[in-house]
Every structure is written in C-alpha cells, then in structure tokens.
Protein chains: 2
Amino acid sequence: MAGVNEICTRAAEAAPVLAALPTQVKDAALSNMATALEERASFLIEANAEDLDRARSDGISSTIVDRLRLTDGRIGGMSEGLRAVAAQPDPIGEVLEGWKRPNGLLIERVRVPLGVVAVIYEARPNVTADVAGLCLKSGNACVLRGSSIAASSNNAIAHVLRAGSSRAGAPEDAIQLVGGTDRYSAVELMQAKGYVDLLVPRGGAALIRSVEENATVPFIIDGDGNCHVYVDRSADENMAIDIVVNAKTQRPSVCNAAETLLVHAEIAEKWLPAALDALAEKGVEVRGDKVVQQLWPDAIPARDGDWGTEYLDLVLAVRVVESLDDAIDHVNRWGTSNAEAIVTQDISAARRFAAEVDSGSIFVNASTRFSDGGEFGYGAEIGISTQKLHARGPMGPRELTTTKYVVWGEGQIRH
Amino acid sequence: MAGVNEICTRAAEAAPVLAALPTQVKDAALSNMATALEERASFLIEANAEDLDRARSDGISSTIVDRLRLTDGRIGGMSEGLRAVAAQPDPIGEVLEGWKRPNGLLIERVRVPLGVVAVIYEARPNVTADVAGLCLKSGNACVLRGSSIAASSNNAIAHVLRAGSSRAGAPEDAIQLVGGTDRYSAVELMQAKGYVDLLVPRGGAALIRSVEENATVPFIIDGDGNCHVYVDRSADENMAIDIVVNAKTQRPSVCNAAETLLVHAEIAEKWLPAALDALAEKGVEVRGDKVVQQLWPDAIPARDGDWGTEYLDLVLAVRVVESLDDAIDHVNRWGTSNAEAIVTQDISAARRFAAEVDSGSIFVNASTRFSDGGEFGYGAEIGISTQKLHARGPMGPRELTTTKYVVWGEGQIRH
C-alpha cells in the first residue's frame, strides 16, 4: 500500500497533465465515471457490505451506519452528481478580465487549476465521487482520505472512478485514495507542504482543530453551522412557519439546519405559539428566553450557552428581539458565518439584513437548507467554507481554481 | 500607548461602519488624505528627520537610510497613490454574478470587505499611506505595524491620514498604527484571532518564517521573487537585451527584479555575448553554466545553488537551455511564483510558456519589473501574493475583499 508521500508525489506529477487536459476529455471522463459507478453497482454494494458488517459488529450508531450505506439509489445519486458536474462550464482557461495599460501592456487574468486538492472526510462514501468529480472538472489532481469506517466502500468507489476516467484519457493518478485511515495518515497529509495546494477537512470539531494545529499546507475550513432564522414583524406568517420548520427539521443533523429562531417582538404574540406548536409536532424541543416561556409555556428556559450551540438535533433556541438591529447583532455575535435566513415582506429590512449580517449566505424568504453546492447548481460540493479568504459559502469547481496574470507586451521596460 | 489588543478591538469596531460607508465618503476621505499629506509635508519631513538621525547614529546601511528618507517628491508620490486609489471603481457592493435556480431562487454573489486587514512591514514609510488608502477604498479597517526604524515617520503619516479621512466622515479608528515595534507586538498581531481577518507580512525571509510559525490569523504570503527571463530562439535580439537589462538593473533590490536568465541554445552564440556585455556595462556580475562560460569567458561558474538564489543585487545567473520545454522545467523547478518573462516572436512558444509556467505573472515581451500593483493600474499595492489561495500576483483593493451569497426567495423550502 502506497504511503501518503508516494501518493502525494503521484498526484503532483499528474497535476500538470490534468491542467492541460481539454474540456472534452474531462467531461468524457466524468461521464465514464458516472456510467462505471452504475455498471459496477453490485461490486460497490458488496464492498459496502464489508464496511456495514464491521460497523455493526463494532457497535457503531445506527445514524452513522445509515450514512454509510450504499444503495442503488445512492449510487445513482453519485452518478447524477458526476453528470451534473460534467454539464457545468469548464472553469479552466476562462479569462476573468483584461485591460490595457497606458503603456500598451495588455493584462489578462486567467483561471487555472490549483494543482493538488486533498480532502479528509468522514463516513459518507458519496464524498469520494463528489470530490473526485469536482477536482477533475477543475483540472486538479485529488488526494482523498476517508475514514476507516468506510474504507472498503471508498476503495471500491475510487477503483471504479479511476478506471472510468482513465478510459477517457485522464491520467489514472489524478484520483488518489490514501490507504491508511489512522490518525497519522491524516496528519501526514496536513503536512505535505509543496505537494498539496489545498486541503479541505470535512468533519467535526476535532478534525478542524487538528487541521488548525497541524496543517502546514493551505486549507479552507468547512466549519460549523450555527444557523439562524429571523422572522421579521412584516413576515408572511405561513411562509415563516414553513421556512422555520423546514430549516430545523428537514435534516437536523447537517450544518445548514437552523439552530436559533429570532422573532420580532411585534409579531411574537400572534405568530410564535402557532409556530412552536408546528415545531413541537415535528418533535422539536424548544429552549426559549423569558418572553418565549410566557407565550408558550412548554418552552425550556434557554441559557446563554444555547445561543452558541450547534445542536445538530431536534432542538431549537428561540428568542424574541425588539428590533431588526437586535436580530442583526444577535446573529453577528453568535453565528458561525454559514447561512442565515430572514422572513420578511419589507424590502428595506431584507436589504439591511443581507448587507449587515456577516455570513457566507443570507437567505431572504427561503430555508437555510439551501446553503449547499448541489442546491446552488454546482452539481456537487467540496464543502461549505465558513472563512473569508479564497472561498466563502458552498464551494463548487470554481473554488478549486486560482488565477494567473498573463501580460502581453511589445518590448515594454520600466522607467 | 494602546496595546495590540486594544488597537485590534478598535479596528474591529470600526469595520462594520467602514463596510457601510458610501463610495463618495470613501473617495472624499482618500482625497482629503492626499491633500493632508501635502499640506503637512514639513511636519512629516521633521518627523522623518528624527528617524534618519537615529538610523545614522545606529550605523544603519545607506541603502536602508535612503529607503527611509521622505522628500517632497516622495510625499507627492504618496498623495498621487491615494488619488489613484480614489479614482478606482469601488469594489464593494459589486454583484459579481447572479443566476436563477429551477425552483425560482435568485442567487447573487456580492463583494464585501474582509473586515480588518493588518500589515507588518519594513522601512519604507510610503507603505503606511498605500495600505491605509487601499484598505479604506475596500471598506476595511487597517492595523499597520511598521518597523522601529521608521517609527516617527509612520506615526506622523498615520496621524495626518487619520485627521484627513475623519474630516470626510470616515471613522477615525479605521486607520490604526501599532505603537510598539518590538518583535512581541508583531507576534501579538499575528495571533489576534477573531480580530484580524487578513494579515499581509511585507518583509524578508525571517518575517515570513515568523508568520508561518506563529500566525493564527489568516494571512497571505508576499514572498520571494526568484524571477526569470527566458530568451527564446525567435526573440527580437534588441528587445531581449533591453528587457533583460531592465529586469536585472532598473532596481535590483526589489522582488520583481530578474535573478536568472535562460537562453535558447540556438540563439545563444549570436545573442548572449552582446547581452552579457550590456549587463556587465551596468555592473552586473554573471554566473554562468559551462556553455555561458565558453561563450563569454568573464562569467563566473554557476553552482546549483545559484539557480535558487534571489540575489537582490547586481548578480545574474545565466543558463543556456536546449528547448522551450527545458526553460519551462527550469522555471517550474526553481521559481518562486512571482513573475517570469519570455522574449519571443513565436506565438505558440509564448502561449505554451504562459500556460505551462506556474507563476503569478507571466510577461510576454515585457520586463518582470511590471509585476507591481501600481503598474497594473491599482493605484498602489498591498503586496504581491506568491501563494495560490485567495490572491495571486499584485494585490489591489479587490484582493482585500470577500464575497457573500444573497439568495432571494418567495418561501422556498427544501424537499
């Protein structure tokens, strides 16, 4: 089994070949990868069964076993994702802008691949296909390091993807899976300076902390999601209930699920009891401030810690605010820059919330659950950046690129 | 004197005010800053004299004393830079793109400020004005940390700039100068996590190393410049001499000066002796490979170490290469991703060099000395990024921004 160093070296050697690959070859490779996954579905499901058996005998929680499971439907989903990525425009070679200087120099800014993109991720095996597809589309070699729990599934998927892409003429070394799944292999990857141009850790707080402590390669944090829904005094009441119920309950375990509901005092008395009834019906535990407790006695008293907690569960912190300003201040104090929603019919409230809340994505009259690369139309996503440098919000193929200036002269020298 | 913590807190508090500042206020502030520098020139020159006296009595080298010196001309240069920055379009609020999803969601990507930008820099006091101007234009608060050698000058410049900008209605705390100039204050700034959104170190290898070791805030490396000029077999011979002489000698101490000359073997015999004569006339010491030594006996034998050295002096490494491929390989092996030039009349050679050389800026038939924010038309520059994430090449006001998604819906929820 190749070590991290050898794998990174191979990826770095494949990178210039990938950077020069014509669009048609990349798209044909993506299409072959999609077909190969479907054709080899039984092979994948067999490999996945090994992981499932191991997980069950190790007493892994049923939520995680469920995330791990491959079905024909989920394999079809991976293939669909790869085809959607193929259908995107090729970001590479795009001339983003160009201008002429008074001395005649023509300056062009051109989009180019980063080189080698590494992703460390947890249970879900579909990430293997998503990342491989987005990296190939953007002309990057990828180094994938999944978790031990999904080792057999990831191996099988990577094998099928490599075979599919190389049949179209993409270099086989473009898609690399790190065999070792111990902690050491992750740290080795974080420190593969000079080989890895971008590392995206997709996992919980422990992984993020480890990257922040150990990484010497450039990285983008795919971080927490303490997401907010603010219901303004002018909100459409039914729409507001639909959005908050969706944002909280449609999939509570993911980072773009809502964790706090803020309600304008003027609408609270009328709207909040009905909204909290609707949430309670879906099994949501409400932790409210004093006003909330008065309006809806089933609420558990909220503590200060609740405003900063990402429950990832059917729990919602609820607060009544006196004004739009208070709502903005609350989000800017407690939010994690992932996704926040406002429900309002008031255009100036919407514009102020959008302008003044410091977050990666602001949703006006829509659920925070749309903060997602697939929902944004990127076919798949590499993660959701909660930082400000390089990429912010859902990351698609374009976020895996950098630019280069190409300056055309006729002998200009500097005086 | 306020400590780093207090200064960063003030900057962070000013940041949202700056982010919301109308374009006219920002441009009026920049214009006031330019005028104020000119009006207070004698005050600045007096403060500068203190630094100059101290530097001379400390036995600082004359090169550095020269960089430190403020003259009416240099003060005028700072003012001109500020006016050029004012004349740029306001990057903030720009809608970079927008699209509609099948479910009706309208997704917009909007340019917003980073928040607080910190710059650690060395002798030249003009950086104080350049950085303050670019940060204000891009709606960011700035924290400036200059070197002890220029402490009085920087203090005076910052004082004048703050007075000028606040007269136009910009928050005074937008421009912060760290009073302490010991090593500790720099490290404190590198670790002001949660306050500093971007740190740009502008200095030598020791500063870069310290940032890489100590920084917990996001940073962009303004790194080395081991820049190359490649003279292709099809080069216009006079143009090639002009460009290499300019790139090496016009200002040898800066990062975009050329350090290595590569010459195609087919043109070497005819072109190289005349070119090296012209360089020698300007006082350049040539370190050549075997072929160069044969063609031009005054050349000192080059060692392997020469290809990786940024001389920042009148020294040039010279190598004859067999092909365009060899030239590209050499640059990709030894370059530092700052700026590289090709001199050629062959369009396919130019396009291949531009595509395959992995560097921030590629110049076709122009001097590497144009790798500079001012020369690119940004009015001033915050530095030259030699990394791939977030910014690459000369950085102007736009590189001090991030984006935010604003998504407009009509009650959409996710199914």
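What you see is a predicted model, and the numbers here were worked out from it, not measured in a lab.

## Comments concerning the overall build of chain A
Line of reasoning, step 1. The secondary structure content of chain A amounts to 16 helices and 16 strands.
Line of reasoning, step 2. Taken against the 2.2 N^0.38 rule, which gives 22 Å for 415 residues, the C-alpha radius of gyration of chain A at 24 Å falls within 12% of a compact globule.
Line of reasoning, step 3. In terms of overall dimensions, chain A has a C-alpha envelope of 70 × 70 × 35 Å along the principal axes.
Line of reasoning, step 4. For chain A, the residues scored as buried account for 55% of the 415 residues in total.
Line of reasoning, step 5. Counting only contacts in chain A whose residues sit at least 6 apart along the sequence, the fraction spanning at least 24 positions is 72%.

## Brief notes about the pairing of strand β4 (residues 141-145) of chain B
Residues and elements named next belong to chain B.
Line of reasoning, step 1. With five of five residues buried, β4 lies mostly within the body of the structure.
Line of reasoning, step 2. The alternating pattern of β4 places A141, V143 and R145 and C142 and L144 on opposite faces, both of which are buried.
Line of reasoning, step 3. Direction of pairing for strand β3 (residues 116-121) relative to β4: parallel, over a ladder of five bridges. Its bridge partner being in β4, V116 is matched across the sheet by A141.
Line of reasoning, step 4. You can see the chain leave β3, run along helix α6 (residues 126-137) and come back into β4, and the turn it takes is right-handed.
Line of reasoning, step 5. When β4 meets strand β5 (residues 175-177), the two strands line up parallel, connected through three bridges.

## Overview of the interface of chain B and chain A
Line of reasoning, step 1. Tallying the contact residues gives 46 residues for chain B and 46 residues for chain A.
Line of reasoning, step 2. Where the side of chain B that touches chain A is concerned, the elements lending two or more residues are α10 (237-249), β13 (361-366) and β16 (401-412) of chain B.
Line of reasoning, step 3. Among the elements that make up the side of chain B that touches chain A, the one with the highest residue count is β16(B) (eleven residues).
Line of reasoning, step 4. For the side of chain B that touches chain A, the residue count by class is 21 nonpolar, 16 polar and nine charged.
Line of reasoning, step 5. Strand direction decides the pairing type here: strand β16 (residues 401-412) of chain A and β13(B), joined by five bridges, are parallel.

## Quick notes on the sheet that holds β5(B)
Residue and element names in this part refer to chain B.
Line of reasoning, step 1. What the four strands build is an open sheet, ordered β5-β4-β3-β6; its pairing is parallel. In this open sheet, the two edge strands, each paired with only one partner strand, are β5 and β6 (198-202). The average undirected angle you get between the axes of adjacent strands in this sheet is 15°.
Line of reasoning, step 2. Strand contacts of α6: β3, β4, β5 and β6, with the helix running at about 165° to β4, the strand carrying the most contacts.

## Quick look at the domain arrangement of chain A
Residues and elements named next belong to chain A.
Line of reasoning, step 1. Split into domains, chain A comes out as domain 1 (4-221 + 387-407) and domain 2 (227-374).
Line of reasoning, step 2. Each of domain 1 and domain 2 was reduced to a C-alpha centroid, and the two centroids are 34 Å apart.
Line of reasoning, step 3. Each side of the interface is counted separately: domain 1 has five residues, and domain 2 has five residues.
Line of reasoning, step 4. Grouping the amino acids of the side of domain 1 that touches domain 2 by side-chain chemistry returns two nonpolar, two polar and one charged.

## Comments concerning the packing of helix α5 (residues 72-87) of chain A against helix α6 (residues 126-137) of chain A
Any two packed helices are characterised by how steeply their axes cross, that is the angle between the axes, and by the distance between the axes.
Residue and element names in this part refer to chain A.
Line of reasoning, step 1. One way to put it is that α5 packs onto α6 with a least axis distance of 9 Å and a crossing angle of 10°. Taken together, the axes of α5 and α6 lie roughly parallel to each other. Contacts between α5 and α6 pair R74, G77, M78, G81, L82 and V85 from the former with N126, A129, D130, G133, L134 and K137 from the latter.
Line of reasoning, step 2. Residue composition of the contact of α5 with α6, grouped by class: five nonpolar, four polar and three charged.

## As for the pairing of strand β1 (residues 95-100) of chain A
Residue and element names in this part refer to chain A.
Line of reasoning, step 1. Among the six residues in β1, zero count as buried, and that is only a small part of the element.
Line of reasoning, step 2. Bridging between β1 and strand β2 (residues 106-113) involves five bridges; their strand directions are antiparallel. Its bridge partner lying in β2, V95 is registered against V110.
Line of reasoning, step 3. Counted between consecutive antiparallel strands, the loop separating β1 from β2 contains five residues, among which G104 sits at a positive phi close to 95°.

## Observations concerning helix α3 (residues 41-57) of chain B
All names here are of chain B.
Line of reasoning, step 1. The terminal C-alpha atoms of α3 lie 24 Å apart, and with 17 residues this matches the ideal 24 Å at 1.5 Å per residue to within 8%.
Line of reasoning, step 2. Elements that come into contact with the buried residues of α3 comprise α2 (23-39), α4 (62-68), α5 (72-87) and α7 (151-167).
Line of reasoning, step 3. Looking one or two residues past α3, G59 carries a phi angle of roughly 75°, positive in sign.

## Quick look at the nonpolar core
Line of reasoning, step 1. If you look at the biggest cluster of nonpolar residues, it comprises 268 residues, and the most contacted ones within it are A:V143, A:V196, A:V244, B:V143, B:V196 and B:V244.
Line of reasoning, step 2. B:V143 has contacts with B:I7, B:C8, B:A11, B:V116, B:A118, B:Q176, B:V178, B:L189 and B:V196, leaving out every residue within four places of it along the chain.

## What to know about the sheet that holds β16(A)
Line of reasoning, step 1. A sheet is described by the order of its strands in space; here ten strands give the open sequence β1(A)-β2(A)-β16(A)-β13(B)-β12(B)-β7(B)-β8(B)-β11(B)-β9(B)-β10(B), paired in mixed fashion. With one partner strand each, in any of the chains shown, β1 of chain A together with β10 (300-301) of chain B form the two edges of the open sheet.
Line of reasoning, step 2. Taken together, the eight bridges between β2(A) and β16(A) define a ladder with antiparallel strand orientation. The residue bridging A:I107 from the neighbouring strand is A:V407, located in β16(A).

## Description of the relation of the copies chain B and chain A
Line of reasoning, step 1. Mapping chain B onto chain A calls for a rotation angle of 180° and an axial translation of 0.0 Å; the resulting RMSD is 0.0 Å. Expressed as an axis order, the relation between the two copies is that of a two-fold axis. By C-alpha distance to the rotation axis, the residue of chain B lying nearest is B:H390, at 1.8 Å.
Line of reasoning, step 2. A share of 100% of interface residues in chain B that are also interface residues in chain A marks the association as one of identical surfaces.

## Overview of the packing of α2(B) against α6(B)
Residues and elements named next belong to chain B.
Line of reasoning, step 1. It is the contact of α2 with α6, at a shortest axis distance of 9 Å, that shows an interaxial angle of 165°. Between α2 and α6, the crossing angle belongs to the class labelled roughly antiparallel. When the axes of α2 and α6 are compared, the crossing they make is right-handed. Across the interface between the two elements, K26, A29, L30, M33 and L37 of α2 pack against A129, G133, L136 and K137 of α6.
Line of reasoning, step 2. Residue classes in the contact of α2 with α6 are distributed as six nonpolar, one polar and two charged.

## A closer look at the environment of A:G411
Line of reasoning, step 1. With respect to the secondary-structure elements, A:G411 resides in strand β16.
Line of reasoning, step 2. Counting along the chain gives 307 residues from A:G411 to A:G104, while the straight-line C-alpha distance between them is 9.9 Å.

Conventions used here
- Residues numbered from 1 in each chain as written.
- Chains lettered and ligands numbered in written order.
- Predicted model: local features only at pLDDT ≥ 70, side-chain atom pairs only at ≥ 80, totals over all residues.
- Helix = DSSP H or I, 4+ residues; strand = E, 2+ residues; numbered from the N terminus.
- Rg over C-alpha atoms; globule rule 2.2 N^0.38 Å.
- Buried ≥ 20, exposed ≤ 12 C-beta atoms within 10 Å, placed from the backbone.
- Contact = placed C-beta atoms within 7 Å.
- Pairing = 2+ DSSP bridges.
- Right-handed = clockwise from strand over helix to strand, strands pointing away.
- Nonpolar A, V, L, I, M, F, W, Y, C, P; charged D, E, K, R; others polar.
- Axes fitted to C-alpha atoms, helices over the stretch in contact; angles between N-to-C directions.
- Domains from an automatic or database assignment.
- Parallel < 35°, antiparallel > 145°, perpendicular 65-115°, else oblique.
- Expected span 1.5 Å × (residues − 1).
- Core = buried A, V, L, I, M, F, W, Y, C linked by C-beta atoms within 7 Å.
- Least-squares fit on C-alpha atoms with pLDDT ≥ 70 in both.
- Left-handed = near helix turned anticlockwise from the far one by under 90°.

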